[in-house]
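So the chains spell out like this:
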Amino acid sequence: MRKTYKCSNIKFCMEDENQRRTWEYLQGMTRKDGSYGKVLSDAFVAVLDGQLRDRTDKAVSDSVISLEQDADIFGKMLERALEQKFHEIIQELQKVLAEQIRNSFSEYVSTVHFDAEELIEKTNVAGMGQTQEPELSEDMMAFAFAMGE
C-alpha cells in the first residue's frame, strides 16, 4: 500500500524567537530523527492535545467545584427549609398540647366544681338538720312544760 503525502512550504521568521529556535531544531535533525513532517506533526499534536486536555481538566475541575458549591448551597437551603418546617411542627404541637391540657382541666374543674357543690349542699342539709335539732328540742321542751302545767 502506498502512502499519500502532501507538501507544505513553511517559512520561519528569524526575528521571532520561537520560529528561529524551531528552524534551528529542524536544521539539526538527522534522518534517523525522522522527517520534518513527522517531527512537526508529533510536536503539534502533543501540544494541541495537551492544551485540549488542560482545557478539559479545567472544565471538569470547574464543574466539580461548581457541583460542590451547588451541593453546599442546596444543603444550606434544605437545612433552612427543614428548620422552618420543624418550628412550624413544634408550634402546632404546642397548640394541640395546650388544647388537650385545657380540655383536661375543664373536665377536672367541672368534676371538682360538681363535687364541691354536692359537699356544700350536704353541709347545708347537715347544718339545717343541726339547726333544726335545737329548735325541735326547744319545741319539745315547751310542749312538755305545757303538758306539765
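Basis of the calculations
- Residues numbered from 1 in each chain as written.
- Predicted model: local features only at pLDDT ≥ 70, side-chain atom pairs only at ≥ 80, totals over all residues.
- Heavy atoms only, no water.
- Helix = DSSP H or I, 4+ residues; strand = E, 2+ residues; numbered from the N terminus.
- Buried < 20%, exposed > 50% of the residue type's maximum accessible area, 1.4 Å probe, protein only.
- Areas by Shrake-Rupley, 256 points an atom, 1.4 Å probe, with all protein chains shown as cover.
- Salt bridge = Lys/Arg side-chain N within 4 Å of Asp/Glu carboxyl O.
- Patch = residues over 30% accessible without salt bridge, like charges linked within 9 Å, V, L, I, M, F, W, Y side chains within 5 Å.

Trainee: Just give me the short version of the overall build of the chain, but keep the residues and values in it.
Mentor: Per the secondary structure count, the chain includes two helices and zero strands. For the chain, with 149 residues in total, the buried portion stands at 3%. A total accessible area of about 14200 Å² is found for the chain, and carbon and sulfur atoms account for 60% of it.

Trainee: Which residues make up the pattern of salt bridges, and what values go with them?
Mentor: Per the stated rule, a full pass over the model turns up five salt bridges. In this structure, Glu17 and Arg20 form a salt bridge, with 2.9 Å as the shortest nitrogen-oxygen distance. Taken as a pair, Glu17 and Arg20 lie in helix α1 (residues 17-27) at a separation of three residues, close to a single helical turn. For Glu17, a relative accessible area of 43% translates into the label partly exposed. The class of Arg20 is partly exposed, set by a relative accessible area of 24%. Taken together, the salt bridges that share partners define one network made up of Glu17, Arg20 and Glu24.

Trainee: Summarise a nonpolar patch on the surface; cite the residues concerned and give the values.
Mentor: Residues Phe86, Ile89, Ile90 and Leu93 make up a contiguous nonpolar surface patch of roughly 380 Å² in combined accessible area. Within the secondary structure layout, Leu93 lies in helix α2 (residues 36-148).

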